[in-house]
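Each chain is listed here by its residues.
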Amino acid sequence: MVVANKNSVVKYRRYIKVFVFLLALLPLLQLFLGVLQNSLGPDPAKALSHMSGEWALRFLIITMAITPLRIITRSSEWIHYRRMMGLFVFFYAVLHLLIYCVFLLGLQWQDLWADILERPYITVGFGAWLLLLPLAVTSTKRWQRKLGRQWSRLHKLIYIVSALVLLHIIWQARSDLAEPLVYVLIFSVLMLFRLPIVKRAFNTRSKKTAAVHKH
Amino acid sequence: MLIKQAADILPSEITSESSYLNRRQFMGAAGAMAMGSLLSPALGSASDVIEPPPLDYLAANKDSPAGFYTPEVQTPYRDVTGYNNFYEFGTDKTDPEKYASKLVTDPWSVSIEGEVDKPGTYTLEDILKPHDLEERIYRLRCVEAWSMVVPWIGFPLGDLLKRFGVGSKAKYVAFETLYRPNEMRGQRSRFGTIDWPYVEGLRLDEAMHPLTILAVGVYGKTMPKQNGAPIRLIVPWKYGFKSIKSIVKIRLTDRKPATSWNKTAPSEYGFYSNVNPAVSHPRWSQASERRLPNSLFKPNRIETLPFNGYAEQVASLYAGLDLKRNF
């Protein structure tokens, strides 16, 4: 199936990318509409901060799902969308931090500093945000060439970002751990595909299927 | 148990016809609300369609005793009833309004137990009968560092306790919320860390304090389900979670009662939970609060006051107590 459509997929990749890009901007539109329609409830800053944070998290999950998708579908097509998804993680994370600083803290920088030092969930959240910076900066092809093998080592930081983001969520739960557990589960499954044993399993299976088809 | 010999009854104790009728109106209205919630599947959310019935009460005014009234801007009704922490219906602030319509509040009874002269299970009507309702305009400070100003309708808890006779051994009052998982979806959550039913407690002197009330209404109307219908506690100088909702049990005891949040996270929530800007919650600074509603460029951040601004009335209850340790 992949082979049959390969050329058309490549041909239309540019359009698909534009489409995906616009799709990824829809949450931003949702935030704007919420503000314009005044439908964010009595604490709009909190609502905006939650929504932007959740979208950063969702794009992180999508970014981390590229490798598993590649393994499962045995198609490298997915990789062409990874940079964009990663940059959307950064985009919504920047929005999340800005909303927090401007609307929740009212630009009281000493309060930001106190929060980072004293509130563990903010410490790890801010740490995750800082680690996203070098990843966003070096996301271009030029940086990729410049850094060579170091580039992929640097971009392994996304695993630390994921761990910090999970802590950021778990430490905010007051009583019901269902939601954090769902995210831990999702990330665990995505991490399984990084294990050599799982990768091998998919590889041998694909070879077997190929062999069966030859007969 | 409440029946008295005719000779014992003072004229002042006799219920006036008007307040008798008002109580009938309250009960009838509560019934109408229950009917309304039965019809609600066809009509959409009950809170959208059916206005809670009005109550008769003595309005708070500037001349009310200290603490009973605040001139601060009141949080609008739609926010008071649409932004709630009532984990029995879910942990999202909008969950209670969405899901509380399933709760059946009529009939309702409250069990009064322990060190009291007249223990028993009383219908809501019995509980309310002799009490005149009054309005109290209180600040409500949530432990999550937001706050509201709410006009509650209720009567002093102390009056109720006196009526049932506080036993000589009683030192604390324990409260319990309804446990009914098929009506309260939050109680069905598999990963919740709260051990239902929700329980709370006060020291007897805190319970007898005139600021402490049992509320049956808000904004002049019968208490909406998402706010803890039909009867809930209000202790304005403590964080909101102390003000237990939808009460089914009141027990007087000589031992300090367990409280739900303290059981869940003892390092985060103490028994007292008095509003205290000097003691931070591990996840929130308590030095300031965001008064609701706010807007994006007017965050309404104000300084939090000791005892939520009721220090003049209640600080003496804690003389000599290390409030940093007894948080």
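These figures come from a predicted structure and were not determined experimentally. (Residues numbered from 1 in each chain as written. Chains lettered and ligands numbered in written order. Predicted model: local features only at pLDDT ≥ 70, side-chain atom pairs only at ≥ 80, totals over all residues.)

## Structural notes on the overall build of chain A
A tally of helices and strands in chain A yields 10 helices and 0 strands. Moving toward the C terminus, one meets the helices and strands of chain A in the order α-α-α-α-α-α-α-α-α-α. Expressed along its principal axes, the backbone C-alpha trace of chain A runs to roughly 70 × 40 × 35 Å. Here chain A holds 215 residues, and 20% of them are scored as buried. (Helix = DSSP H or I, 4+ residues; strand = E, 2+ residues; numbered from the N terminus. Buried ≥ 20, exposed ≤ 12 C-beta atoms within 10 Å, placed from the backbone.)

## Some details on the overall build of chain B
What chain B contains, in helices and strands, is 9 helices and 12 strands. Counting every position in chain B, which comprises 327 residues, the buried fraction comes to 42%. The long-range fraction of contacts in chain B, counting pairs at least 24 apart against all pairs at least 6 apart in sequence, stands at 71%. (Contact = placed C-beta atoms within 7 Å.)

## Re helix H8 (residues 157-170) of chain A
Residues and elements named next belong to chain A. With 14 residues, H8 should reach 20 Å at 1.5 Å per residue; the first-to-last C-alpha distance of 20 Å fits that figure. Taken together, the buried positions of H8 are occupied by Val-161, Ser-162, Val-165, His-168 and Ile-169. When H8 is viewed along its axis, its buried side chains cluster within an angular range of 120° and face the same direction. Where H8 is buried, its residues contact helix H2 (44-73), helix H5 (120-137) and helix H9 (178-192). (Expected span 1.5 Å × (residues − 1). Arc of directions from axis to C-beta.)

## Examining the packing of H2(A) against helix H3 (residues 82-104) of chain A
All names here are of chain A. Their axes nearest at 8 Å, the elements H2 and H3 cross at an angle of 160°. In terms of orientation, H2 and H3 fall into the roughly antiparallel class. The crossing of H2 and H3 is left-handed. In terms of residue class, the contact of H2 with H3 is made up of 18 nonpolar, 6 polar and 2 charged. (Axes fitted to C-alpha atoms, helices over the stretch in contact; angles between N-to-C directions. Parallel < 35°, antiparallel > 145°, perpendicular 65-115°, else oblique. Left-handed = near helix turned anticlockwise from the far one by under 90°. Nonpolar A, V, L, I, M, F, W, Y, C, P; charged D, E, K, R; others polar.)

## Considerations on the interface of chain A and chain B
Counting residues at the interface gives 18 residues for chain A and 23 residues for chain B. Every element with two or more residues in the side of chain A that touches chain B is listed here: H2, H3 and H9 of chain A.

## Focus on the packing of H3(A) against H5(A)
Residues and elements named next belong to chain A. Their axes nearest at 10 Å, the elements H3 and H5 cross at an angle of 140°. In this view, H3 runs oblique relative to H5, as classed from their interaxial angle. Between H3 and H5 lies a crossing whose hand is left-handed. Where H3 abuts H5, its residues Gly-86, Leu-87, Val-89, Phe-90, Ala-93 and Leu-97 lie against Trp-129, Leu-132, Leu-135 and Ala-136.

## Details of the domain arrangement of chain A
The extent of an interface is frequently quoted as the accessible surface area lost upon association of the parts. All names here are of chain A. Segmentation of chain A into domains returns domain 1 (1-107), domain 2 (108-172) and domain 3 (178-210). Taking only C-alpha atoms into account, the centre of domain 1 sits 23 Å from that of domain 3. Tallying the contact residues gives 8 residues for domain 1 and 7 residues for domain 3. Looking at the side of domain 1 that touches domain 3, its residues break down into 6 nonpolar, 1 polar and 1 charged. (Domains from an automatic or database assignment.)

## Some thoughts on the sheet that holds strand S10 (residues 247-253) of chain B
Residue and element names in this part refer to chain B. Pairing in this open sheet of 5 strands is mixed, and the strands run S2-S1-S10-S5-S6 from one edge to the other. Every other strand in the sheet has two partners, leaving strand S2 (120-123) and strand S6 (199-203) as the edge strands with one partner each. Direction aside, the axes of adjacent strands within the sheet are offset by 20° on average. Across 4 bridges, strand S1 (residues 109-114) lies against S2 in antiparallel orientation. (Pairing = 2+ DSSP bridges.)

## Here we look at the nonpolar core
Core analysis: the largest hydrophobic core is formed by 67 residues, its most contacted members being Trp152(B), Ile153(B), Val173(B), Phe175(B), Leu214(B), Ala215(B) and Leu233(B). It is strand S4 (residues 146-156) of chain B that provides the largest number of residues to this core, a total of 6 residues. When residues no more than four places from it in sequence are discounted, the contact partners of Val173(B) are Gly201(B), Leu202(B), Leu204(B), Ala207(B), Ile250(B) and Leu252(B). Ranked by size, the runner-up nonpolar core spans 28 residues in total, among them Leu57(A), Ala93(A), Val165(A) and Ile169(A). (Core = buried A, V, L, I, M, F, W, Y, C linked by C-beta atoms within 7 Å.)

## Structural notes on the pairing of S6(B)
Each regular strand shows side chains that alternate between the opposite faces of the sheet. Residues and elements named next belong to chain B. Here S6 lies mainly inside the structure; 4 of its 5 residues are buried. In the sheet, strand S5 (residues 172-177) pairs with S6 via 5 bridges, with the strands oriented antiparallel. If you follow Tyr-172 over to S6, its bridge partner there is Arg-203.

## Notes on unusual backbone geometry
Residue Trp196(B) is joined to Pro197(B) through a cis peptide bond whose omega torsion reads 0°. If you trace the backbone, Pro197(B) turns up in the loop between S5 and S6. At the junction of Ala229(B) and Pro230(B), the peptide bond is cis and its omega measures out at -5° in the coordinates. Note that Pro230(B) resides in the loop between strand S8 (221-222) and strand S9 (232-234). One non-glycine residue, Leu107(A), lies in positive phi territory at about 60°. Looking at the secondary structure, you find Leu107(A) in the loop between H3 and helix H4 (109-118). In this structure Leu107(A) comes out as exposed when scored by C-beta crowding, with 10 C-beta atoms within 10 Å. For Asn308(B), which is not glycine, the phi dihedral falls at a positive 55°. Structurally, Asn308(B) can be placed in the loop between strand S12 (301-303) and helix H9 (311-314).

## Section: the pairing of strand S3 (residues 134-141) of chain B
Of all the 8 residues making up S3(B), 6 are buried; the element is thus mostly covered by neighbouring parts of the structure. Between S3(B) and S4(B), which pair antiparallel one after the other, the connecting turn spans 4 residues, and Ala145(B) there sits at a positive phi close to 70°.

## Description of the confidence of the model for chain B
Residues and elements named next belong to chain B. Here chain B averages 88 in pLDDT, and 85% of its residues register 70 or above. Contacts for the low-pLDDT stretch residues 1-8, under 50 throughout, to residues beyond four places or in other chains number 3 contacts. Of the two predicted TM-score estimates for the complex, the pTM is 0.82 and the ipTM is 0.78. (pLDDT = per-residue confidence, 0-100.)

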